[in-house]
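Tertiary structure, described
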Amino acid sequence: MNCVITHDDELVSPYPLLFKSISFIPISHYLIFFFLTILVFLYFFLEIHFPKADPISLTFNPSSELCQFIVSKCRLLHGRYFPTFWLSSPHLQTAFLSLFGKSPHFSYKRILYQATDGGTIALDWLMYSDVVEGISQVVNASNTGTDRTPIAIVVPGLTSDSSAAYIKHVAFRLAKEGWNVVVQNHRGLGGISLTSDCVYTAGWTEDLRKVIDHIHTQFPEAPLFAVGTSIGANVLVKYLGEDGPNTPLIGATAVCSPWDLLICDRFINRKLVQKLYDRMLTIGLQGYAQLHHSIISRIADWEGIKKSRSVREFDNYATRLVAKFETTDTYYRRSSSAQYVGNVAVPLLCISALDDPVCTREAIPWDECRANKNIVLATTTHGGHLAYYEGMTATSMWWTRAVQEYFEVLLSSPFADRRQKMQIIPEPLGSSIDQGPFVDTGEDGMVAASSEVGTTRADSEQEDSGQIDEKTSNHQHKDNTPQVYNSLLGPLKKRVDELSRYSRKSIWLLAYIAIVTTWPFVGPALLLSIKKRFRKLVEK
């Protein structure tokens, strides 16, 4: 079968003829074919797209005065995001941020907050004076009680700390615009050693709560804002949903939040390129575990951690056991922030890229964000995960500019003074997420690698925080009777108007349906009757 028959009845192999034919094809044709093959591979595997400026899609409650004000004042939210043309791929954007992303050059001032259990939390400060003067200054504690400079608390993502490029970008931009910025490092990261059996998780909000309360006690006159990134965004939104109106924050921003950890876990194991991200995150978590081997090997399954090949396996052998969850799915469900979105009672801007290769768009709680009058959800077609590079040289990140503008608008708005405005407390939304058994761990402690750091104890703040809580509770019990009646009658009148409007629409809809369905029977008879009457008129 591998031969041909010639006119001379000789058997000749076809392969020499094939190779000879191929040799006549110009080399340029091979290069073009190779180039096209590479382009097709990059297009499908790296999701290359044609660079263009796509508009920002905004999702919010149209009846919310707060959202209407924010949307009308934030210029960037009305504009378009144009990615760097040579980074026209979510994977290129994300990889460039991790491998080659340049960050501003500055130094933090580290302060250690010592909790009541003896543990410590590292806070890295960047004061606006540091950026203006060009050198890092010591945080001045002499006038903290009267300092009204706005403060932004930054919560990093998974295995990230204050030295991450995207954290330094947002910190520098806010400090340059007159803000004091503090980065709350996760325990065990940023040169911090674990000294307790508690490790940070995607749903652990107690550290953030302590830090916010501590800063609010130290700077009672300063407006407090917070920005969370990736897993830090999940922690921030979950904290806002847990505390509702009882948080001292004026506003917050959640950037590239995973929202639903169970959905993201399934998404990151779906395609080959996503599995690469899963593997890289697993290596980072294993490095974190190795750094604190003396403690994690005692409280988790160390052999399972070493052989883990995915984030889910690591969570099964480490995170689930440390946080005392029965199953990994239970940990994901109970730690997801999507179920807490309905209880957020402070202005919140959520930024997500629809092509995020780590936190899928399938997990975004669109309806919950639209129902909450405090939330504005801004989604972009492109941007990758925490990248959003723009410009020819990819030195600027769009989301850092959006966060800075949103905070400035909110700070200058009539909604900023929480003591003079009525807070919008949304109604809690029902959740169909399974409620698995959950047991919280105890308090934790941390030790910094640096020796020259400031330390603040929490013991002296308990009394003050108790007095503040008492004043807050007393203030909330003072109800104005007319306002209470208006708050009760307002929604009732609104529902009545909606029902009457819907009823009018229903009547016309029923009439239309009746005409359409009966016309095949009534139409011919009506036409016949009209023709007869017309003939009689003509005969007369």
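See the structure above.
First, a word on scope: everything that follows refers to the structure included in this document. Just so it is clear, the model here is predicted, and its values are computed rather than measured.

What about unusual backbone geometry?
Non-glycine residue Trp 259 carries a positive phi angle of around 65°. Within the secondary structure layout, Trp 259 lies in the loop between strand S12 (249-255) and helix H10 (261-267). Relative accessible area serves as the criterion here: at 1%, Trp 259 is assigned to the buried category. The backbone of Ala 394 shows a phi angle near 55°, a positive value even though the residue is not glycine. Mapping Ala 394 onto the fold places it in the loop between strand S15 (389-390) and strand S16 (396-397). Ala 394 gets classed as buried once you look at its relative accessible area, which sits at 6%.

Here's the deal with the pairing of strand S11 (residues 224-229)
By the criterion of burial, S11 is predominantly enclosed, with six of the six residues buried. Residue alternation in S11 divides its side chains into two sets, Leu 224, Ala 226 and Gly 228 and Phe 225, Val 227 and Thr 229, and both sets are buried. When strand S8 (residues 151-155) meets S11, the two strands line up parallel, connected through five bridges. Bridging across to S11, Val 154 finds its partner in Val 227. Of the pairings in the sheet, the one linking S11 to S12 comprises six bridges and is parallel in character. Each bridged residue has a counterpart across the sheet, and for Val 227 the counterpart in S12 is Thr 253. Note that the unit made of S11, helix H9 (residues 231-243) and S12 has a crossover that is right-handed.

Details of the pairing of strand S14 (residues 375-380)
For a regular strand, side chains alternate in direction, first toward one face of the sheet and then toward the other. Along S14, six of the six residues are buried, which leaves the element largely enclosed by surrounding structure. Residue alternation in S14 divides its side chains into two sets, Ile 375, Leu 377 and Thr 379 and Val 376, Ala 378 and Thr 380, and both sets are buried. With four bridges joining them, strand S4 (residues 57-60) and S14 adopt antiparallel strand pairing. Among the inter-strand pairings, Phe 60 is bridged to a residue of S14, identified as Val 376. Bridging between strand S13 (residues 348-353) and S14 involves six bridges; their strand directions are parallel. Opposite Leu 348, over in S14, you have Ile 375 as the bridge partner. Assessed by its sense of winding, the connection that carries the chain from S13 through helix H16 (residues 366-371) to S14 is right-handed.

Brief notes about the packing of aromatic side chains
Ring pairs (aromatic) are described by centroid distance and by the angle formed between their planes. Scanning the model with the defined rule gives 19 aromatic pairs in all. With a centroid separation of 5.7 Å and an interplanar angle of 45°, the aromatic rings of Trp 125 and Phe 219 are classed as tilted. Placement of the pair is Trp 125 in strand S7 (residues 120-126) and Phe 219 in the loop between helix H8 (206-218) and S11, with a sequence separation of 94 residues. Members of the aromatic cluster, joined through ring pairs, are Trp 86, Phe 96, Phe 100 and Tyr 389. The lysine or arginine in question, Lys 168, covers the ring of Phe 106, its NZ or CZ lying 4.9 Å from the ring centre.

Quick word on the packing of helix H5 (residues 90-99) against helix H11 (residues 272-291)
At their nearest, the axes of H5 and H11 sit 12 Å apart, and the two run at 15° to each other. With respect to H11, the element H5 is oriented roughly parallel. In terms of crossing hand, the pair formed by H5 and H11 is left-handed. Counted together, Pro 90, His 91 and Thr 94 of H5 and Val 273, Gln 274 and Tyr 277 of H11 form the full contact between these two elements. When the residues that make up the contact of H5 with H11 are grouped by side-chain class, the tally is three nonpolar, three polar and no charged.

Considerations on the layout of surface pockets
Counted as a void, the second largest pocket has a volume near 1400 Å³. With 10 residues, the single largest contributor to the lining of the second largest pocket is H11.

Considerations on the environment of Ser 129
Turning to its location among the elements, Ser 129 is positioned in helix H6 (residues 128-133). Its relative accessible area of 21% is what places Ser 129 among the partly exposed residues. Measuring from C-alpha to C-alpha, the distance between Ser 129 and Asn 180 comes to 8.5 Å, with 51 residues separating the pair along the chain.

With respect to the pattern of salt bridges
All told, the structure shown has 15 salt bridges when counted by the stated rule. Asp 197 is the salt-bridge partner of Arg 298, the closest N and O atoms lying 2.9 Å from each other. Of this pair, Arg 298 sits in helix H12 (residues 293-299) while Asp 197 is found in the loop between strand S10 (192-194) and H8, placing the two residues 101 residues apart along the sequence. For Arg 298, a relative accessible area of 53% gives the class exposed. One salt bridge in this structure joins Glu 303 and Lys 306, with 3.5 Å as the shortest N-O distance. With Glu 303 and Lys 306 both in helix H13 (residues 302-306) and three residues apart, this pair spans about one turn of that helix. One salt-bridge network, in which partners are shared between bridges, spans Glu 206, Arg 209, Lys 238, Glu 242 and Asp 243.

Criteria and thresholds
Residues numbered from 1 in each chain as written. Predicted model: local features only at pLDDT ≥ 70, side-chain atom pairs only at ≥ 80, totals over all residues. Heavy atoms only, no water. Helix = DSSP H or I, 4+ residues; strand = E, 2+ residues; numbered from the N terminus. Buried < 20%, exposed > 50% of the residue type's maximum accessible area, 1.4 Å probe, protein only. Pairing = 2+ DSSP bridges. Right-handed = clockwise from strand over helix to strand, strands pointing away. Phe/Tyr/Trp six-rings, centres within 6.5 Å; stacked < 30°, edge-to-face > 60°. Lys NZ or Arg CZ within 6 Å of the ring centre and 35° of its normal. Axes fitted to C-alpha atoms, helices over the stretch in contact; angles between N-to-C directions. Parallel < 35°, antiparallel > 145°, perpendicular 65-115°, else oblique. Left-handed = near helix turned anticlockwise from the far one by under 90°. Contact = heavy atoms within 4.5 Å. Nonpolar A, V, L, I, M, F, W, Y, C, P; charged D, E, K, R; others polar. 1 Å grid on protein atoms, 1.4 Å probe; cavity = no way out; pocket = protein on both sides within 12 Å on 5 of 7 lines; lining within 4 Å. Points joined across faces, edges and corners; volume = space filled by probe spheres on them. Salt bridge = Lys/Arg side-chain N within 4 Å of Asp/Glu carboxyl O.

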